[in-house]
Amino acid sequence: MAEESDLEKSEPASPARLEKAREEGQVARSRELVTFVMLVTGMGGLWAMGAMMGGHFSSALRNGLQFERASAFDASHMMVQAGTAVLHALQALMPLLAMMLVAALVAPMMLGGWLFSTKSLAPTFSKMNPVAGIGRMFSTESLAELVKTIVKSLLVGGVAWWVISAEVSDIMALMSEPVHAALPHALKLVALTCALIIGSLLLVALIDVPYQLWSHHRKLRMSREDLRQEQKENDGDPQVKAQIRRQQQQMAKRRMMAEVPKADIIVTNPTHFAVALKYHDKEMRAPRVVAKGADLVALRIRAMAEENKIPILEAAPLTRALYCHTKLGDEIPASLYAAVAEVLAWAYQLNHQLSEGGTAPRAPQNLPVPESLDPLGTTA
(Lines give C-alpha, C1' and ligand atoms only; values in the text may rest on other atoms or scores of the structure.)
Protein backbone atom coordinates (compact mmCIF):
# COMPACT_ATOMS: atom_id res chain seq x y z
CA MET A 1 0.00 0.00 0.00
CA ALA A 2 2.85 2.36 0.82
CA GLU A 3 4.47 1.71 -2.57
CA GLU A 4 1.17 2.38 -4.36
CA SER A 5 0.73 5.70 -2.53
CA ASP A 6 4.29 6.68 -3.39
CA LEU A 7 3.70 6.00 -7.10
CA GLU A 8 0.32 7.75 -7.23
CA LYS A 9 0.58 11.27 -8.62
CA SER A 10 -1.26 13.00 -5.82
CA GLU A 11 1.17 15.81 -4.96
CA PRO A 12 1.09 19.28 -6.58
CA ALA A 13 3.90 20.09 -8.97
CA SER A 14 7.00 21.62 -7.45
CA PRO A 15 8.37 24.97 -8.68
CA ALA A 16 11.18 23.13 -10.44
CA ARG A 17 8.69 20.88 -12.24
CA LEU A 18 6.61 23.89 -13.31
CA GLU A 19 9.70 25.70 -14.59
CA LYS A 20 10.85 22.62 -16.53
CA ALA A 21 7.40 22.26 -18.10
CA ARG A 22 7.48 25.93 -19.07
CA GLU A 23 10.88 25.46 -20.75
CA GLU A 24 9.35 22.59 -22.72
CA GLY A 25 6.47 24.82 -23.86
CA GLN A 26 3.84 23.38 -21.51
CA VAL A 27 1.77 26.24 -20.12
CA ALA A 28 -1.92 26.77 -19.50
CA ARG A 29 -3.68 28.13 -22.57
CA SER A 30 -7.34 29.00 -23.19
CA ARG A 31 -8.49 29.23 -26.79
CA GLU A 32 -11.79 30.64 -25.60
CA LEU A 33 -10.01 33.55 -23.94
CA VAL A 34 -8.02 34.25 -27.11
CA THR A 35 -11.18 34.07 -29.22
CA PHE A 36 -12.99 36.47 -26.91
CA VAL A 37 -10.12 38.99 -26.90
CA MET A 38 -9.81 38.83 -30.70
CA LEU A 39 -13.54 39.37 -31.22
CA VAL A 40 -13.65 42.25 -28.73
CA THR A 41 -10.68 43.87 -30.46
CA GLY A 42 -12.24 43.42 -33.89
CA MET A 43 -15.59 44.83 -32.79
CA GLY A 44 -13.93 47.73 -31.01
CA GLY A 45 -11.80 48.50 -34.05
CA LEU A 46 -14.80 48.44 -36.37
CA TRP A 47 -16.76 50.67 -34.00
CA ALA A 48 -13.92 53.19 -33.64
CA MET A 49 -12.63 53.17 -37.21
CA GLY A 50 -15.81 52.28 -39.12
CA ALA A 51 -16.26 55.77 -40.56
CA MET A 52 -12.65 55.96 -41.74
CA MET A 53 -12.78 52.46 -43.25
CA GLY A 54 -16.07 53.29 -44.95
CA GLY A 55 -14.53 56.39 -46.49
CA HIS A 56 -11.57 54.39 -47.85
CA PHE A 57 -13.82 51.70 -49.31
CA SER A 58 -16.15 54.30 -50.83
CA SER A 59 -13.21 56.03 -52.44
CA ALA A 60 -11.88 52.73 -53.76
CA LEU A 61 -15.31 51.78 -55.15
CA ARG A 62 -15.84 55.24 -56.71
CA ASN A 63 -12.41 55.23 -58.37
CA GLY A 64 -12.92 51.69 -59.60
CA LEU A 65 -16.21 52.48 -61.30
CA GLN A 66 -15.08 55.72 -62.92
CA PHE A 67 -13.13 55.28 -66.13
CA GLU A 68 -13.12 56.59 -69.69
CA ARG A 69 -14.47 54.53 -72.54
CA ALA A 70 -11.05 54.21 -74.14
CA SER A 71 -9.63 52.80 -70.91
CA ALA A 72 -12.09 49.90 -70.97
CA PHE A 73 -10.12 48.38 -73.87
CA ASP A 74 -6.69 48.91 -72.24
CA ALA A 75 -5.62 45.92 -70.15
CA SER A 76 -2.72 47.79 -68.51
CA HIS A 77 -5.08 50.50 -67.31
CA MET A 78 -7.34 47.86 -65.76
CA MET A 79 -4.35 46.45 -63.81
CA VAL A 80 -3.48 49.92 -62.56
CA GLN A 81 -7.07 50.42 -61.42
CA ALA A 82 -7.05 47.06 -59.64
CA GLY A 83 -3.75 47.87 -57.89
CA THR A 84 -5.12 51.21 -56.75
CA ALA A 85 -8.23 49.52 -55.37
CA VAL A 86 -6.14 46.96 -53.46
CA LEU A 87 -3.98 49.75 -52.03
CA HIS A 88 -7.06 51.63 -50.82
CA ALA A 89 -8.38 48.42 -49.23
CA LEU A 90 -5.08 47.81 -47.44
CA GLN A 91 -5.03 51.38 -46.15
CA ALA A 92 -8.52 50.86 -44.77
CA LEU A 93 -7.79 47.48 -43.17
CA MET A 94 -4.22 48.03 -41.95
CA PRO A 95 -5.12 49.72 -38.61
CA LEU A 96 -7.66 46.99 -37.83
CA LEU A 97 -5.21 44.22 -38.79
CA ALA A 98 -2.52 45.80 -36.61
CA MET A 99 -4.92 45.85 -33.65
CA MET A 100 -5.82 42.20 -34.26
CA LEU A 101 -2.13 41.27 -34.42
CA VAL A 102 -1.44 42.95 -31.09
CA ALA A 103 -4.46 41.21 -29.58
CA ALA A 104 -3.24 37.83 -30.87
CA LEU A 105 0.12 38.41 -29.16
CA VAL A 106 -1.25 39.82 -25.91
CA ALA A 107 -4.15 37.40 -25.37
CA PRO A 108 -1.98 34.32 -24.55
CA MET A 109 0.07 36.40 -22.09
CA MET A 110 -3.05 37.04 -20.03
CA LEU A 111 -3.04 33.42 -18.83
CA GLY A 112 0.31 31.68 -19.32
CA GLY A 113 2.54 34.64 -20.09
CA TRP A 114 4.73 35.14 -23.14
CA LEU A 115 6.61 31.96 -24.05
CA PHE A 116 8.78 30.91 -26.98
CA SER A 117 10.21 27.41 -26.78
CA THR A 118 11.85 25.48 -29.60
CA LYS A 119 11.32 22.21 -27.70
CA SER A 120 7.61 22.35 -28.41
CA LEU A 121 8.42 22.54 -32.14
CA ALA A 122 10.55 19.39 -32.09
CA PRO A 123 8.89 16.29 -33.62
CA THR A 124 7.49 13.83 -31.08
CA PHE A 125 7.22 10.40 -32.65
CA SER A 126 5.24 9.02 -29.72
CA LYS A 127 2.32 11.22 -30.80
CA MET A 128 2.28 9.35 -34.14
CA ASN A 129 1.33 6.11 -32.40
CA PRO A 130 -2.22 5.28 -33.61
CA VAL A 131 -3.07 3.40 -30.40
CA ALA A 132 -2.10 6.42 -28.30
CA GLY A 133 -4.03 8.67 -30.68
CA ILE A 134 -7.19 6.59 -30.24
CA GLY A 135 -6.66 6.73 -26.48
CA ARG A 136 -6.44 10.52 -26.61
CA MET A 137 -9.65 10.64 -28.67
CA PHE A 138 -11.56 8.93 -25.85
CA SER A 139 -9.72 10.56 -22.96
CA THR A 140 -11.25 12.74 -20.27
CA GLU A 141 -9.68 15.83 -21.83
CA SER A 142 -11.21 15.10 -25.25
CA LEU A 143 -14.60 14.52 -23.63
CA ALA A 144 -14.32 17.84 -21.80
CA GLU A 145 -13.42 19.61 -25.06
CA LEU A 146 -16.42 18.01 -26.79
CA VAL A 147 -18.77 19.09 -24.03
CA LYS A 148 -17.30 22.59 -24.08
CA THR A 149 -17.73 22.84 -27.87
CA ILE A 150 -21.36 21.69 -27.68
CA VAL A 151 -22.16 24.12 -24.87
CA LYS A 152 -20.46 26.98 -26.73
CA SER A 153 -22.35 26.22 -29.94
CA LEU A 154 -25.67 26.02 -28.11
CA LEU A 155 -24.95 29.24 -26.20
CA VAL A 156 -23.85 31.26 -29.22
CA GLY A 157 -26.59 29.83 -31.41
CA GLY A 158 -29.19 30.44 -28.71
CA VAL A 159 -28.14 34.05 -28.26
CA ALA A 160 -28.19 34.65 -32.02
CA TRP A 161 -31.65 33.03 -32.35
CA TRP A 162 -32.97 35.05 -29.42
CA VAL A 163 -31.71 38.36 -30.88
CA ILE A 164 -33.00 37.62 -34.37
CA SER A 165 -36.38 36.48 -33.01
CA ALA A 166 -36.70 39.63 -30.95
CA GLU A 167 -35.78 41.88 -33.89
CA VAL A 168 -37.52 40.00 -36.69
CA SER A 169 -40.06 42.79 -37.17
CA ASP A 170 -37.29 45.39 -37.50
CA ILE A 171 -35.44 43.17 -39.92
CA MET A 172 -38.50 42.80 -42.13
CA ALA A 173 -39.10 46.55 -41.93
CA LEU A 174 -35.70 47.20 -43.53
CA MET A 175 -37.15 46.29 -46.91
CA SER A 176 -39.62 49.18 -46.78
CA GLU A 177 -37.11 51.79 -45.56
CA PRO A 178 -35.09 54.00 -47.89
CA VAL A 179 -31.49 53.01 -48.44
CA HIS A 180 -29.96 55.93 -46.50
CA ALA A 181 -32.05 54.96 -43.43
CA ALA A 182 -32.03 51.16 -43.84
CA LEU A 183 -28.24 50.86 -43.95
CA PRO A 184 -27.56 52.46 -40.49
CA HIS A 185 -30.50 50.53 -39.06
CA ALA A 186 -29.11 47.24 -40.40
CA LEU A 187 -25.65 48.01 -39.05
CA LYS A 188 -27.15 48.73 -35.64
CA LEU A 189 -28.89 45.35 -35.61
CA VAL A 190 -25.68 43.57 -36.66
CA ALA A 191 -23.69 45.38 -33.97
CA LEU A 192 -26.24 44.44 -31.30
CA THR A 193 -26.19 40.80 -32.35
CA CYS A 194 -22.37 40.66 -32.37
CA ALA A 195 -22.14 42.37 -28.97
CA LEU A 196 -24.51 39.86 -27.36
CA ILE A 197 -22.70 36.92 -28.96
CA ILE A 198 -19.37 38.24 -27.71
CA GLY A 199 -20.91 38.64 -24.26
CA SER A 200 -21.92 34.98 -24.32
CA LEU A 201 -18.32 34.06 -25.25
CA LEU A 202 -17.16 35.99 -22.17
CA LEU A 203 -19.15 33.55 -20.05
CA VAL A 204 -17.50 30.64 -21.87
CA ALA A 205 -14.03 32.15 -21.30
CA LEU A 206 -14.73 32.70 -17.59
CA ILE A 207 -15.54 29.00 -17.28
CA ASP A 208 -12.70 27.78 -19.53
CA VAL A 209 -9.83 29.72 -17.91
CA PRO A 210 -10.14 28.11 -14.43
CA TYR A 211 -10.64 24.72 -16.07
CA GLN A 212 -7.47 25.09 -18.16
CA LEU A 213 -5.45 26.13 -15.09
CA TRP A 214 -6.78 23.15 -13.13
CA SER A 215 -6.14 20.76 -16.03
CA HIS A 216 -2.59 22.06 -16.55
CA HIS A 217 -1.63 21.61 -12.90
CA ARG A 218 -3.34 18.22 -12.79
CA LYS A 219 -1.18 17.00 -15.68
CA LEU A 220 1.98 18.10 -13.88
CA ARG A 221 1.13 16.46 -10.55
CA MET A 222 3.92 14.39 -9.03
CA SER A 223 4.16 11.30 -6.89
CA ARG A 224 5.99 11.25 -3.59
CA GLU A 225 8.76 9.26 -5.25
CA ASP A 226 9.09 12.00 -7.89
CA LEU A 227 9.43 14.61 -5.13
CA ARG A 228 12.08 12.56 -3.34
CA GLN A 229 14.00 12.05 -6.57
CA GLU A 230 13.85 15.77 -7.37
CA GLN A 231 15.03 16.62 -3.86
CA LYS A 232 17.90 14.19 -4.25
CA GLU A 233 18.87 15.74 -7.58
CA ASN A 234 18.76 19.24 -6.11
CA ASP A 235 20.68 18.37 -2.98
CA GLY A 236 22.94 15.80 -4.58
CA ASP A 237 23.45 12.15 -3.71
CA PRO A 238 24.82 11.99 -0.11
CA GLN A 239 27.33 9.31 -1.08
CA VAL A 240 28.57 11.32 -4.05
CA LYS A 241 28.80 14.48 -1.94
CA ALA A 242 30.72 12.61 0.76
CA GLN A 243 33.12 11.25 -1.86
CA ILE A 244 33.62 14.76 -3.27
CA ARG A 245 34.28 16.12 0.23
CA ARG A 246 36.86 13.39 0.85
CA GLN A 247 38.60 14.16 -2.42
CA GLN A 248 38.58 17.87 -1.65
CA GLN A 249 40.01 17.23 1.81
CA GLN A 250 42.71 15.01 0.37
CA MET A 251 43.63 17.62 -2.25
CA ALA A 252 43.70 20.36 0.39
CA LYS A 253 45.87 18.15 2.64
CA ARG A 254 48.31 17.48 -0.20
CA ARG A 255 48.56 21.20 -0.96
CA MET A 256 49.09 21.93 2.73
CA MET A 257 51.78 19.27 3.14
CA ALA A 258 53.57 20.67 0.09
CA GLU A 259 53.99 23.93 2.03
CA VAL A 260 55.67 22.28 5.03
CA PRO A 261 59.17 22.15 3.46
CA LYS A 262 58.89 25.90 2.76
CA ALA A 263 58.10 26.77 6.40
CA ASP A 264 60.53 28.58 8.72
CA ILE A 265 59.56 26.71 11.88
CA ILE A 266 57.18 24.08 13.25
CA VAL A 267 55.66 24.55 16.70
CA THR A 268 54.13 21.53 18.44
CA ASN A 269 52.06 20.57 21.51
CA PRO A 270 54.16 18.24 21.52
CA THR A 271 52.30 15.47 19.63
CA HIS A 272 48.63 16.46 19.52
CA PHE A 273 49.05 19.62 17.41
CA ALA A 274 51.56 20.98 14.93
CA VAL A 275 51.57 24.36 13.19
CA ALA A 276 53.97 25.45 10.42
CA LEU A 277 54.87 29.16 10.22
CA LYS A 278 56.50 31.16 7.45
CA TYR A 279 57.55 34.78 7.24
CA HIS A 280 59.03 36.87 4.43
CA ASP A 281 59.51 40.51 5.33
CA LYS A 282 59.18 41.72 1.72
CA GLU A 283 56.01 39.77 0.90
CA MET A 284 54.12 39.49 4.21
CA ARG A 285 52.96 41.96 6.82
CA ALA A 286 53.10 39.26 9.49
CA PRO A 287 53.97 35.55 9.76
CA ARG A 288 51.42 33.20 8.24
CA VAL A 289 50.19 29.71 9.03
CA VAL A 290 51.06 27.53 6.02
CA ALA A 291 50.14 24.14 7.55
CA LYS A 292 48.50 22.79 10.68
CA GLY A 293 47.09 19.52 11.90
CA ALA A 294 46.16 17.36 14.84
CA ASP A 295 47.15 13.83 15.85
CA LEU A 296 48.16 11.85 12.74
CA VAL A 297 48.38 14.96 10.56
CA ALA A 298 50.55 16.60 13.23
CA LEU A 299 52.86 13.57 13.24
CA ARG A 300 53.08 13.76 9.44
CA ILE A 301 53.99 17.48 9.61
CA ARG A 302 56.71 16.71 12.17
CA ALA A 303 58.08 13.90 10.00
CA MET A 304 58.26 16.10 6.90
CA ALA A 305 59.89 18.86 8.93
CA GLU A 306 62.57 16.46 10.15
CA GLU A 307 63.14 15.20 6.60
CA ASN A 308 63.63 18.77 5.34
CA LYS A 309 65.56 19.96 8.42
CA ILE A 310 62.91 22.49 9.46
CA PRO A 311 63.37 23.65 13.09
CA ILE A 312 60.80 22.15 15.47
CA LEU A 313 59.96 23.81 18.78
CA GLU A 314 57.75 22.46 21.52
CA ALA A 315 55.57 25.38 22.60
CA ALA A 316 52.25 23.99 23.78
CA PRO A 317 50.27 27.20 24.61
CA LEU A 318 51.40 28.95 21.41
CA THR A 319 50.62 25.89 19.27
CA ARG A 320 47.15 25.51 20.75
CA ALA A 321 46.41 29.21 20.27
CA LEU A 322 47.57 29.17 16.64
CA TYR A 323 45.70 25.96 15.85
CA CYS A 324 42.39 27.19 17.31
CA HIS A 325 42.43 30.83 16.15
CA THR A 326 43.90 30.73 12.63
CA LYS A 327 43.11 29.19 9.28
CA LEU A 328 45.47 28.06 6.57
CA GLY A 329 47.04 31.07 4.87
CA ASP A 330 45.95 33.46 7.64
CA GLU A 331 48.28 35.88 9.33
CA ILE A 332 48.80 35.22 13.02
CA PRO A 333 46.75 37.30 15.50
CA ALA A 334 48.35 40.57 16.58
CA SER A 335 48.35 39.43 20.21
CA LEU A 336 50.77 36.62 19.26
CA TYR A 337 53.30 38.81 17.44
CA ALA A 338 55.71 38.90 20.39
CA ALA A 339 55.62 35.15 20.99
CA VAL A 340 56.04 34.27 17.31
CA ALA A 341 58.86 36.84 16.96
CA GLU A 342 60.83 35.01 19.70
CA VAL A 343 60.17 31.67 18.01
CA LEU A 344 61.29 32.91 14.58
CA ALA A 345 64.40 34.53 16.06
CA TRP A 346 65.32 31.22 17.67
CA ALA A 347 64.78 29.39 14.35
CA TYR A 348 66.99 31.85 12.46
CA GLN A 349 69.72 31.53 15.10
CA LEU A 350 69.45 27.74 14.98
CA ASN A 351 69.79 27.68 11.20
CA HIS A 352 72.80 29.98 11.41
CA GLN A 353 74.43 27.78 14.07
CA LEU A 354 73.87 24.65 11.96
CA SER A 355 75.39 26.24 8.87
CA GLU A 356 78.20 28.29 10.48
CA GLY A 357 78.82 26.36 13.69
CA GLY A 358 79.00 27.67 17.23
CA THR A 359 76.89 27.38 20.35
CA ALA A 360 73.30 26.26 19.89
CA PRO A 361 70.79 29.00 20.82
CA ARG A 362 68.67 28.54 23.90
CA ALA A 363 65.07 27.56 23.14
CA PRO A 364 62.59 30.25 24.22
CA GLN A 365 60.64 29.55 27.39
CA ASN A 366 57.44 31.07 28.87
CA LEU A 367 56.31 32.65 25.62
CA PRO A 368 53.84 35.57 26.06
CA VAL A 369 50.63 33.87 24.95
CA PRO A 370 47.37 35.48 26.19
CA GLU A 371 45.37 33.05 28.27
CA SER A 372 42.21 34.05 26.35
CA LEU A 373 43.69 32.49 23.17
CA ASP A 374 44.85 29.25 24.82
CA PRO A 375 41.98 26.72 24.90
CA LEU A 376 43.46 25.34 28.14
CA GLY A 377 44.11 28.74 29.69
CA THR A 378 42.47 29.65 33.01
CA THR A 379 40.40 32.48 31.45
CA ALA A 380 39.42 30.60 28.29
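In case you missed it, the structure is sitting above this.
Cut-offs and rules
- Residues numbered from 1 in each chain as written.
- Predicted model: local features only at pLDDT ≥ 70, side-chain atom pairs only at ≥ 80, totals over all residues.
- Heavy atoms only, no water.
- Helix = DSSP H or I, 4+ residues; strand = E, 2+ residues; numbered from the N terminus.
- Buried < 20%, exposed > 50% of the residue type's maximum accessible area, 1.4 Å probe, protein only.
- Contact = heavy atoms within 4.5 Å.
- Pairing = 2+ DSSP bridges.
- Axes fitted to C-alpha atoms, helices over the stretch in contact; angles between N-to-C directions.
- Phe/Tyr/Trp six-rings, centres within 6.5 Å; stacked < 30°, edge-to-face > 60°.
- Lys NZ or Arg CZ within 6 Å of the ring centre and 35° of its normal.
- Expected span 1.5 Å × (residues − 1).

Chemist: Go over the overall build of the chain, please, and point to the residues and values.
Modeler: Counting its regular elements, the chain contains 13 helices and 4 strands. The buried share of the chain, taken over its 380 residues, is 28%. Sequence separation of at least 24 residues holds for 74% of the intrachain contacts in the chain that already meet a minimum separation of 6.

Chemist: I'd love a proper account of the pairing of strand β1 (residues 265-268), names of residues and values included.
Modeler: The two faces of the sheet receive side chains in turn, since in a regular strand these alternate between them. Alternating residues of β1 divide into I265 and V267 and I266 and T268, and every residue in both groups is buried. Judged from the 4 bridges that link them, β1 and strand β2 (residues 273-278) form a sheet pairing that is antiparallel. Note that in β2 the partner of I265 across the bridge is L277. Bridging between β1 and strand β4 (residues 312-314) involves 3 bridges; their strand directions are parallel. Its bridge partner being in β4, V267 is matched across the sheet by L313.

Chemist: Provide a residue-level description of the sheet that holds β4, including the pertinent values.
Modeler: As summarised here, the arrangement of the 4 strands in space is β3-β2-β1-β4, forming an open sheet in which the pairing is mixed. With partners counted over all chains shown, the strands left at the sheet margins are β3 (288-294) and β4, one partner each. In this sheet, neighbouring strand axes are inclined to one another by 20 degrees on average, regardless of whether the strands run parallel or antiparallel. Pairing analysis gives 6 bridges linking β2 to β3, with the strands arranged antiparallel. Each residue of the ladder has a partner; that of V275, found in β3, is K292. Sheet contacts for helix α11 (residues 296-307): β1, β2, β3 and β4; angle to β3, the most-contacted strand, approximately 125 degrees. Across the sheet, helix α13 (residues 337-356) touches β1, β2 and β4, and the angle it forms with β1 is around 125 degrees.

Chemist: Please set out the packing of aromatic side chains residue by residue, giving values where relevant.
Modeler: Aromatic ring pairs are described here by two measures, namely the spacing of the ring centres and the angle between the planes. A complete count under the given rule lists 2 aromatic pairs for this structure. Ring centres 6.1 Å apart and planes at 35 degrees place the aromatic pair Y211 and W214 in the tilted group. One end of the pair, Y211, and the other, W214, are both in helix α8 (residues 179-219), 3 residues apart, so they sit about a helical turn from each other. Classification of Y211 as partly exposed rests on a relative accessible area of 25%. Ring plane angle 40 degrees and centroid distance 4.6 Å describe the contact between F273 and Y323, whose orientation is recorded as tilted. Remark: Y323 occurs in helix α12 (residues 316-325) and F273 occurs in strand β2; sequence separation between them is 50 residues. Geometry around Y323 places K292 over its ring, the cationic atom sitting 5.0 Å from the centre.

Chemist: Outline α13, listing residues and values.
Modeler: With 20 residues, α13 extends 28 Å from end C-alpha to end C-alpha; this agrees with the ideal 28 Å at 1.5 Å per step. Turning to α13, its buried residues number three or more, namely A339, V340, V343, L344, W346, A347, L350 and Q353. Next to the buried residues of α13 lie β1, β2, β4 and α12. Just beyond α13, the residue with positive phi is G357, at close to 90 degrees.

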